[in-house]
Each structure stands twice: as C-alpha cells, then as structure tokens.
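Remarks on the overall topology
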Amino acid sequence: MTRVAMLSVHACPLAHLGGRDSGGMNVYVRELARELGRRGHEVDVFTRWREKDDPRIQPLGPNARVVHIPSGPMGYWPKMDVYEHLDEFTERLIGHVDTEGKAYDLLHSHYWLSAEVARTLAPRWGVPRVQMFHTLGMVKREVMDEDVDGESDVRVAIERRAVRESAAIVAASRIEVGELRELYEAERAKIHVIPCGVDPALFRPMRQADARERLGRDPCEQMILFVGRIEQIKGIDVLLRALGSLFSRRPELRGQVRLVVVGGALDPSDDASESEKIHELRRLVHEHRMEPNVAFTGSLDQPTLALYYAAADVCAVPSLTESFGLVALEAMACGTPVVGTRVGGLQTLIEDGRSGLLVPAGDAEALAGAIARVLGDPRLRMHLAHGARDRAEHYTWRMVADRVEELYAKVLTAAPAMEI
Ligand code: UDP
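Residues numbered from 1 in each chain as written. Predicted model: local features only at pLDDT ≥ 70, side-chain atom pairs only at ≥ 80, totals over all residues. Heavy atoms only, no water.

**A look at the overall build of the chain**
- When helices and strands are tallied, the chain shows 16 helices and 14 strands.
- Expressed along its principal axes, the backbone C-alpha trace of the chain runs to roughly 65 × 40 × 40 Å.
- Per-residue burial over the chain gives 58% buried out of 420 residues.
- Excluding contacts between residues fewer than 6 apart, the proportion of contacts in the chain whose partners are at least 24 apart in sequence is 67%.
- When the accessible surface of the chain is totalled, it reaches about 17300 Å², and 48% of it is carbon and sulfur. (Helix = DSSP H or I, 4+ residues; strand = E, 2+ residues; numbered from the N terminus. Buried < 20%, exposed > 50% of the residue type's maximum accessible area, 1.4 Å probe, protein only. Contact = heavy atoms within 4.5 Å. Areas by Shrake-Rupley, 256 points an atom, 1.4 Å probe, with all protein chains shown as cover.)

Next comes the structure, spelled out in structure tokens:
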C-alpha cells in the first residue's frame with residue numbers, strides 16, 4: 001500500500017467539466033485517484049479551494065479523498081494568479097497535513113503549478129516526486145500566436161526544473177517523450193509513457209437512433225460533434241471555417257448537416273471572458289450564415305456527453321496541440337469516428353484510415369474534406385467506427401492504474417539511493 005499525496009493545484013477532480021481551465025486533467029486525476037484507492041492505496045488529492053460550497057474534505061471513493069486548500073479568494077482565477085498564491089497554498093497544505101498527523105510515501109504532481117509545490121514538499125517530507133505535465137509550455141508556445149495567459153517564461157522555467165528534479169515523469173504518448181527530450185533535455189530513463197484511459201461502462205456504443213431520441217434530435221440529420229473547452233488551442237474556429245467552406249462547395253448540405261458544440265460557459269455571469277470567446281465564434285457562424293446549422297450547448301456532464309457521442313455521425317477534434325485527447329478516446333469508445341488533427345497524442349491514438357482520420361492542424365480545407373468523406377460514405381463510417389471501438393479497448397483507467405502502480409513501486413525501490 002502506497003500513501004500518495006497527489007497535487008492538482010488548479011484542477012479539482014470534482015470540478016464541473018468543460019468550463020474554463022477544467023477538462024482532461026480533472027478527469028485524469030479523478031479517475032486515477034479512484035482506481036488507486038480501490039486497490040488499497042491511500043490517495044489524498046490536494047487542490048485549491050475554488051467553490052465556496054465545496055466541503056473542505058470530500059471523499060472520491062474508497063481510500064481516496066479531495067482536500068481543498070484555501071489560498072487567496074475563492075472563485076475562478078487565471079493561472080498566473082494561482083501561481084502568485086502558491087506559497088500560501090504550500091504553507092496551508094503543510095499545516096493541514098501536520099494537523100492530521102499524516103505521512104506520505106510519494107508525491108504525484110500534475111501540471112507546472114503543482115510541480116512548484118512538489119519542489120518544496122519533496123525535500124521537506126523526504127519523498128520522491130512523480131510529475132505529469134499534461135501540456136508543456138514550450139509546445140503551447142509553438143502553436144499559439146500570443147502568450148494568452150502571460151505565463152510562458154515562468155512556466156517553462158518551472159517545467160525545466162521539474163524535469164531535472166523529479167524521480168520520474170509520466171508522458172501521455174511517445175510524442176510527448178520526444179518533446180520532453182528535445183525541448184527540455186529530459187533523461188530518457190526517467191520518462192514513462194502511460195497513455196490516458198476511458199471508463200468503458202460510461203462511454204460505450206449505443207444505437208444512434210436511441211441516443212437521438214433521448215436528446216430530442218432529428219433522426220435524419222447528419223451530426224458533427226465538437227466537445228471541449230472553448231479556447232483557441234482547441235481549434236474550434238478552424239472547424240467553423242471548415243463547415244463554412246463545406247457549405248460553400250456543397251450548398252445542398254446546409255439542409256442536413258448540423259454541428260453541435262459542447263463546452264464552455266454560456267451564461268456571462270459564470271465566466272465573462274469565456275462567453276466573450278463564444279460571442280466571437282457566433283460572429284463567425286453569422287459570417288458564414290450558419291445559424292441554423294450550429295448549436296452551442298454549453299458544458300455538459302459526462303453521462304449526457306455519452307449520449308451526444310452516440311448520437312453523432314462524426315466527432316471533430318481540430319486541436320492545434322493535444323497531449324492526449326480524452327474527447328477523441330471517449331468518442332471512439334462510443335463507436336463514433338473521429339476526424340482529428342495530426343498533433344501530439346491524437347496521432348498515436350488514432351490510426352489514420354483505420355480508427356479515424358487525421359488532418360494537418362489549422363487546415364480548414366483538409367478538415368472539411370475529411371468530415372465530408374465520413375458523412376458521405378456510410379461504409380467508411382462503419383469501418384472507422386469498428387476500428388475506433390477496437391482501438392479504445394486498449395485504453396482503460398484500470399490499465400492506466402496498473403502502469404502507475406508499477407511506476408510507484410519502481411520509484412520507491414530506487415528512492416533510498418536517491419538524493420531527495
Ligand atoms: N468534458 C465534459 N463536459 C464538457 C466538456 C468536456 O465532461 O462539457 C470532459 C470530456 O468528457 C473529457 C474532458 O472534459 O473527459 C476533456 O479532455 P481532453 O483531454 O479532450 O481535453 P483537455 O481539457 O485536457 O484539453
């Protein structure tokens with residue numbers, strides 16, 4: 001039994017998903033902590049106390065808890081503001097652990113913000129650090145026109161140090177291994193490739209007609225689905241341009257093709273800057289006269305999302321970069337073909353022409369062409385759906401936990417010899 005302090009400073013595993021700064025990492029931490037807890041490990045996930053109605057300590061499952069650490073005011077904050085309060089977070093976390101009289105064998109930290117907390121805690125507690133970045137600042141910098149979060153220099157410096165100091169680094173794909181090696185000079189022996197997982201009981205094939213009936217959707221429409229945080233990096237504007245181009249080439253499709261965009265806060269009082277982004281996207285929809293074809297649902301819980309995956313003919317994942325791409329995997333587990341971009345983990349998850357189609361990132365024409373192929377060819381759709389389901393079977397949270405358990409054992413065996 002390993003006692004794990006899991007650090008996920010800005011991504012609470014119990015957060016409402018699909019809104020600003022909450023998505024795949026929250027799901028990853030939640031599922032991994034639960035699965036490890038079921039196996040008898042003791043897992044405490046430490047995260048910033050963001051919602052005032054959340055209890056200080058919340059159970060996640062057997063042997064797994066979420067501990068909310070107060071630091072600064074409640075509510076959503078940009079990541080750099082979270083960074084400014086990290087010392088306070090760390091102090092309060094230490095205070096909490098001292099009061100409970102608990103001890104841990106290992107620290108597992110997620111993202112650069114948590115890496116910085118782990119840096120203080122590891123020598124203090126005399127335990128090794130396992131680090132997973134989820135996304136890397138240097139990779140994001142390469143694909144974004146501007147440093148929207150104003151974080152990149154600080155972030156990259158913290159990531160570099162974490163690469164040097166952690167006992168082990170978890171990479172979600174072999175592509176991330178290359179990025180860690182080339183951009184961060186990481187030692188190969190430290191990096192362990194452990195892909196992400198999916199819950200096959202939740203995301204499973206269902207008859208499309210049944211899913212559409214439950215959602216009250218037209219049984220005859222051709223439905224494209226997008227799921228994700230509403231951020232530039234997810235490529236949603238590329239997808240809207242692709243749809244515009246498809247309609248200008250084939251106007252007859254306007255009557256039958258619908259795009260459903262799931263994610264984001266629709267109510268401006270929830271998140272002003274995100275609803276501003278949705279406003280921009282609506283302008284793009286208007287420019288291409290696609291109002292009847294595009295619907296924004298806002299964020300949805302995962303059981304409802306499972307119905308949308310099953311209802312869709314194709315799921316588009318047009319991200320500019322993606323360390324893994326849980327949305328693609330969830331769609332595949334539901335037997336829905338994915339058209340994704342040839343970036344990061346997506347290109348290792350999706351086998352082009354077998355379990356989905358891959359197109360270059362940022363290329364609206366290529367995306368339009370691939371979507372049109374899937375929509376226009378039922379045999380191809382069937383072929384990709386089968387391939388997707390077969391592929392998804394290789395990725396479950398149980399398998400992720402198997403590999404993480406092995407990694408913990410390895411790190412703990414090596415720990416006494418390590419300088420920590
Ligand atoms: N998600 C959700 N509701 C939404 C939008 C997204 O539950 O409205 C979940 C989705 O099921 C997936 C995660 O958020 O598990 C997004 O993960 P992904 O790896 O695709 O993207 P990330 O957020 O990590 O960039």
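Having put the structure on the table, let's press on.
**Here's the deal with the site of the ligand**
- Near the ligand, the surroundings consist of 20 residues, among which Arg-229, Lys-234, Leu-300, Gln-302 and Glu-330 are the closest.
- Here an oxygen atom of the ligand sits 2.6 Å away from a polar atom, N or O, in the side chain of Arg-229.
- Contact between the ligand and Lys-234: an oxygen atom at 2.7 Å from a side-chain N or O atom of the residue.
- Taking 540 Å² as the accessible area of the ligand by itself, protein coverage stands at 92%.
- Contributing elements (two or more residues each) for the shell around the ligand: α1 (24-38), α11 (302-311) and α12 (326-333). (Near = heavy atom within 4 Å. Polar contact = N/O pair within 3.5 Å; in protein donor to acceptor, adjacent residues only side chain to side chain.)

**Let's talk about the packing of aromatic side chains**
- Scanning the model with the defined rule gives seven aromatic pairs in all.
- Residues Tyr-83 and Trp-112 carry aromatic rings whose centres are separated by 5.9 Å and whose planes lie at 40° to one another, so their mutual orientation is tilted. You can see Tyr-83 sitting in helix α2 (residues 79-84) and its partner Trp-112 sitting in helix α4 (residues 111-125), a full 29 residues away along the chain.
- Through successive ring pairs, a cluster of aromatic residues spans Phe-46, Tyr-104 and Trp-125.
- The positively charged end of Arg-48 is found above the aromatic ring belonging to Trp-77, 4.3 Å away from the centroid.
- The lysine or arginine in question, Arg-160, covers the ring of Tyr-184, its NZ or CZ lying 5.3 Å from the ring centre. (Phe/Tyr/Trp six-rings, centres within 6.5 Å; stacked < 30°, edge-to-face > 60°. Lys NZ or Arg CZ within 6 Å of the ring centre and 35° of its normal.)

**What about the sheet that holds strand β13 (residues 338-341)?**
- If you walk across this open sheet you meet the six strands as β11-β10-β9-β12-β13-β14, and the pairing is parallel. Both outer strands of the open sheet, β11 (294-298) and β14 (357-359), are each paired with one neighbouring strand and no more. For this sheet, the mean angle separating the axes of adjacent strands, direction not counted, is 25°.
- Here four bridges tie strand β10 (residues 257-262) to β11, and the two strands are oriented parallel to one another. Note that in β11 the partner of Val-261 across the bridge is Phe-296.
- The strands that helix α9 (residues 236-249) touches are β9 (222-227), β10, β11 and β12 (314-317); relative to β10, the one it contacts most, it runs at about 175°.
- Here helix α14 (residues 364-376) sits on the sheet and contacts β9, β10, β12, β13 and β14; the angle it forms with β14, its principal contact strand, is near 165°. (Pairing = 2+ DSSP bridges. Axes fitted to C-alpha atoms, helices over the stretch in contact; angles between N-to-C directions.)

**Focus on the environment of Leu-36**
- Tracing the backbone shows Leu-36 in helix α1.
- Classification of Leu-36 by relative accessible area gives buried; the value is 0%.
- Residues Leu-36 and Val-400, spaced 364 residues apart in sequence, show a C-alpha to C-alpha distance of 9.8 Å.
- Discounting chain neighbours no more than four positions away, the residues touching Leu-36 are Met-6, His-41, Val-43, Ala-401, Val-404, Glu-405 and Tyr-408.

**Points about the sheet that holds strand β6 (residues 129-132)**
- Within the open sheet, the eight strands sit side by side as β3-β4-β2-β1-β5-β6-β7-β8. Their pairing is mixed. Two strands in the sheet have a free side with no partner beyond their single neighbour: β3 (57-61) and β8 (191-193). On average, each strand axis in the sheet is inclined to that of its neighbour by 25°, with strand direction left out of account.
- Note that β6 and strand β7 (residues 168-171) share three bridges and pair parallel. Its bridge partner lying in β7, Val-130 is registered against Ala-168.
- Along the sheet, α4 makes contact with β1 (3-7), β5 (106-110) and β6, crossing β5 at roughly 165°.

**Looking at the packing of helix α6 (residues 152-165) against helix α7 (residues 174-184)**
- Where α6 contacts α7, the two axes come as close as 11 Å, and the packing angle between them is 105°. Between α6 and α7, the angle falls in the class roughly perpendicular. Taking contact as the criterion, the partners of Val-156, Glu-159, Arg-160 and Val-163 in α6 are, on α7, Leu-180, Leu-183 and Tyr-184.
- For the contact of α6 with α7, the per-class residue count stands at five nonpolar, no polar and two charged. (Parallel < 35°, antiparallel > 145°, perpendicular 65-115°, else oblique. Nonpolar A, V, L, I, M, F, W, Y, C, P; charged D, E, K, R; others polar.)

**What about unusual backbone geometry?**
- The backbone phi angle of His-134 is positive, close to 70°, even though this residue is not glycine.
- Assignment of secondary structure puts His-134 in the loop between β6 and α5 (137-143).
- Exposure remark for His-134: the relative accessible area of 10% places this residue in the buried category.
- Phi is positive for Arg-289, which is not a glycine, with a value near 50°.
- Position of Arg-289 relative to the elements: it lies in the loop between α10 (272-287) and β11.

**Quick look at the environment of Arg-3**
- Tracing the sequence through the fold places Arg-3 in strand β1.
- The exposure class of Arg-3 is partly exposed, given its relative accessible area of 28%.
- When the C-alpha positions of Arg-3 and Asn-63 are compared, they lie 9.7 Å apart, and in sequence the two are 60 residues distant.
- Once you skip the residues sitting within four places of it in the chain, Arg-3 turns out to touch Glu-42, Ala-103, Tyr-104, Asp-105 and Leu-106.

Note that every value here comes from positions in space, so none of it alone points to a role or purpose.
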